[in-house]
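Observations on chain architecture
The lines below spell out each chain.
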Amino acid sequence: MREGRIVRPEGGGGHGDSGTRPKEVFEFDDCAGNEDVKFEVSDPNFHVNEDLNLVPQRDVLYSRPILSIHGLSAHADDVAQVDVTGLPVQPPHTLMDILGVGNMVLSRSKRSLLVPPMIITENQRAPFPKVIGKVISTEKLGNHIFRLTGPGADQDPRGLFTIDIDTGDVSVSRSLDREAIDSYELEVSTTDFAGNLVEGPALLLITVIDQNDNRPIFKETRYTGEVLEGSPTGTTVMTMTAFDADDPATDNAALRYNIVRQSPDKPSPTMFYINPERGDIVTVISHTLLDRETLPTTTYELEIVAKDMAGSEVGLTGTATATITITDKNDHAPEFTHTLFEANVYEGSTGVVVNLTVDDRDDPDTGAGRAIYSIINGDPTLSFEIQTNPDNNEGMLSVIKPLDYEAERFHALLIKVENEDPLVPDVGYGPSSTATVRVTVMDINEGPVFFPDPLTVNKMENIPLGSFVASLNATDPDILQAQSIRYAVLRDPAGWLSVSPVTGTVNTSGSLDRESPYVHDNKYTAVFIATDNGSPPATGTGSLVIYLEDYNDNAPYVVPSVARVCEDDMNVAIVGGRDKDLYPNAAPFKIELGKQPGLDKTWKVTRVNSTHSQIMLLHILKKANYQLPLLITDSGVPPLSNYTEVKVQVCVCKKNKMHCSSAHSHRASLLVLFATLLLALLCL
């Protein structure tokens, strides 16, 4: 801050008194010859001429007591303060014009403490302190002192501003940063030496004037945008925005944008334009030239510069990169590389038979370039399908139902290709978007086919050896060739069957047994093979399922083989019958005592149901094991009977526990029974 003073003659300076215009000479040096220096005076009635004289532009009746001069060049930025003295006394209603700055109200205490607003430029250089203004007390006596309080004085940030206790000069003690604090509100008062308030407090507003000390900054160093090919000139692509921390009310933060580089620069170095003030990037290139398929690249890189000071040469700059991608639209229909594709396939096989290729100038990674294939004619049996190979966009034609050479030797399919995305309105699918695929079916020697398969018959088990079972029927699909067929047994688990090689007649070679472990659910399955005389020979297999009907060929038996009864209680034991045959050749069973005389004196067998009977002890027997003969008979026609010996353990029963003999069993013979009966009579 530089200071000067203008001494104005009393009574002079009225309108028309041009000979009394005061002037003051200032020194300003930007170390570069003071070229293109601009000065701004806070009072529009004054200006700085080319000789650096502060002179009025017209006759001035009144002037503010403090003026500020702002000098700005490409190399320097400084502010000077001018105190104007010798002002005539003005009526009270013009005091604001004499002391104020524009419409700002001058702070005044209840008495006569005058506190004008003060300004100071940020980033000032030493030496400090520097006087920035003066507080006036018209009634100040020698025993009054000035006092400055508030943030920046006696509050944080402390010590920035001080006031001379005698003169009222306000000084700054160090350089300020407007971006940290742009203004300070303090209070000025006068007190006596004892600290008693005399005048004030009055508000002192100190405003920090901005310097261009902050560069524009983009939020990101790289920005990305997209524009659809064929977009009209003037299409907005993206918006670049930079920020400047300087005062937004000054040119220090007035940004202007510019494109300084485009890469590549073909077909034009000015394909895009950026609005200097808003930062909107728009297309300049013609929509016909903005063709993704003809441009040298699909990605353009722009270097964007944001400059403050409204873009003047002295402005500070910030840079960022904008990457613009030309996106694809579906303006090219896919076209087959050939009008006819051919494939050979063996009859009876499945899988991919041919790959169809197409050309599409659109982006293959988008719906505008990805192909969709369809069969529109020539496949009434739905034996084919076509899918898109995601790796190369080709159409893979596959056989999904085996073809038959004898039924149809050639297939002509009409294939259509389209894109996932619809075409633009002025583009359509042409003849090149369809192609014909000719599939030739090649003959192979097919194996004989059994019919029916499986062949099912019903047979009674135990039929005589050599009995007729079934006649196999196998035919050769190769109807265009005269071939003979021979039959053979491929799998016969029990070895019960034989087949005539020529006629296919199946006869028994062993006894059919329904109860065999090779029979499941009454079914016996054998597999036969038929072989033609082609070159090479081909074979086919067929199954024969024999449902075996039951014959009463298995005698029943009693279970369990061991039963227990208590010696001193007339309790019973339950036994049941089992038979490998089926109803009606099995249950109901008849279980009775053996034919030995005297058994019915000691034992009794009573029927419980169709499969079980109970054995009852008729009198006390000693603890021992007895072999009891039983006769069991099934219900077959004719019925089958079987003698079974059941070991009956006569046990001592105490407290719900049975103590049985582990000795050998006694046979319930006639002698034993007589001895037992005699012993019982003697006891009586």
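Please refer to the structure higher up on the page.
Let us look at the structure shown here. Source: prediction; values computed, not measured.

**Things to note about the sheet that holds strand β40 (residues 485-491)**
Spatial strand order, β37-β44-β43-β40: four strands in an open sheet with mixed pairing. In the strand order of this sheet, the two ends are held by β37 (455-460) and β40, each with one partner. Strand-to-strand twist in this sheet, taken as the mean axis angle between neighbours without regard to direction, amounts to 30°. For β40 and strand β43 (residues 523-532), the ladder comprises six bridges, and the chain directions are antiparallel. Note that in β43 the partner of I485 across the bridge is D532.

**Section: the sheet that holds strand β31 (residues 371-377)**
Pairing in this open sheet of four strands is mixed, and the strands run β28-β35-β34-β31 from one edge to the other. Of all the strands in the sheet, the pair left with one neighbour each is β28 (340-346) and β31. Averaged over all neighbouring strand pairs, the angle between strand axes comes to 30°, with direction disregarded. When β28 meets strand β35 (residues 434-442), the two strands line up parallel, connected through seven bridges. Bridging across to β35, A343 finds its partner in V439.

**Observations regarding the state of the cysteines**
With the rule as written, the count across this model stands at two disulfides. Sulfur-sulfur distance for the disulfide between C566 and C653 comes to 1.8 Å. The S-S bond linking C566 to C653 shows a torsion near -90°; that makes this disulfide left-handed. Taken together, the residues span a long stretch of sequence, with C566 in strand β46 (residues 562-566) and C653 in strand β52 (residues 641-654) at a distance of 87 residues. Residue classification places C653 among the partly exposed positions, given a relative accessible area of 22%. Paired through a disulfide, C651 and C660 show a sulfur-sulfur distance of 1.9 Å. Its S-S torsion of about 100° marks the bond between C651 and C660 as right-handed, since a negative value means left-handed. For C651, a relative accessible area of 0% corresponds to the buried category.

**A few points about the packing of aromatic side chains**
Working definition: an aromatic ring pair is given by the centre-to-centre distance plus the angle between the planes. For the structure shown, the criterion picks out nine aromatic pairs. When the centroid spacing of 6.1 Å and the interplanar angle of 65° are considered together, the rings of F336 and F341 count as edge-to-face. Exposure class is identical for F336 and F341. Each is buried. Every member of this aromatic cluster is reached through a ring pair, and the members are F218, Y223 and Y257. Lying across the ring of F128, K130 places its NZ or CZ 5.4 Å from the centre. For R438, the ring lying beneath its charged end belongs to F410, and the centroid distance is 5.0 Å.

**Quick notes on the pairing of strand β49 (residues 603-607)**
When β49 meets strand β50 (residues 612-617), the two strands line up antiparallel, connected through five bridges. Note on β50: the bridge partner recorded for K604 is M616. The antiparallel pairing of β49 with β50 creates a hairpin that spans four residues between the two strands.

**Comments concerning the pattern of salt bridges**
Scanning all chains against the criterion turns up 15 salt bridges. The salt bridge involving E277 is made with R256; its shortest N-O contact spans 3.8 Å. Note that E277 is positioned in the loop between β23 (272-274) and β24 (280-283) and R256 in strand β22 (residues 256-263), a separation of 21 residues in sequence. Note that E303 is salt-bridged to R261, the shortest N-O span being 3.2 Å. Of this pair, E303 sits in strand β25 (residues 299-307) while R261 is found in strand β22, placing the two residues 42 residues apart along the sequence. Judged by relative accessible area, E303 falls into the partly exposed class, the value being 25%. For R261, a relative accessible area of 33% translates into the label partly exposed. Among the charged side chains, a network of salt bridges with common partners joins R222, R261, E301 and E303.

**Considerations on unusual backbone geometry**
The step from K266 to P267 runs through a cis peptide bond, and the omega angle for that step is 0°. Even without being glycine, L382 reaches a positive phi, approximately 55°. Of note, L382 is situated in the loop between β31 and β32 (384-388). Notably, N393 is not glycine yet its phi reads approximately 70°, a positive angle. Within the secondary structure layout, N393 lies in the loop between β32 and β33 (395-399). Here N393 falls in the buried class, since its relative accessible area comes to 15%.

Quick notes on the rules
Residues numbered from 1 in each chain as written. Predicted model: local features only at pLDDT ≥ 70, side-chain atom pairs only at ≥ 80, totals over all residues. Heavy atoms only, no water. Pairing = 2+ DSSP bridges. Helix = DSSP H or I, 4+ residues; strand = E, 2+ residues; numbered from the N terminus. Axes fitted to C-alpha atoms, helices over the stretch in contact; angles between N-to-C directions. Disulfide = S-S within 2.5 Å. Buried < 20%, exposed > 50% of the residue type's maximum accessible area, 1.4 Å probe, protein only. Phe/Tyr/Trp six-rings, centres within 6.5 Å; stacked < 30°, edge-to-face > 60°. Lys NZ or Arg CZ within 6 Å of the ring centre and 35° of its normal. Salt bridge = Lys/Arg side-chain N within 4 Å of Asp/Glu carboxyl O.

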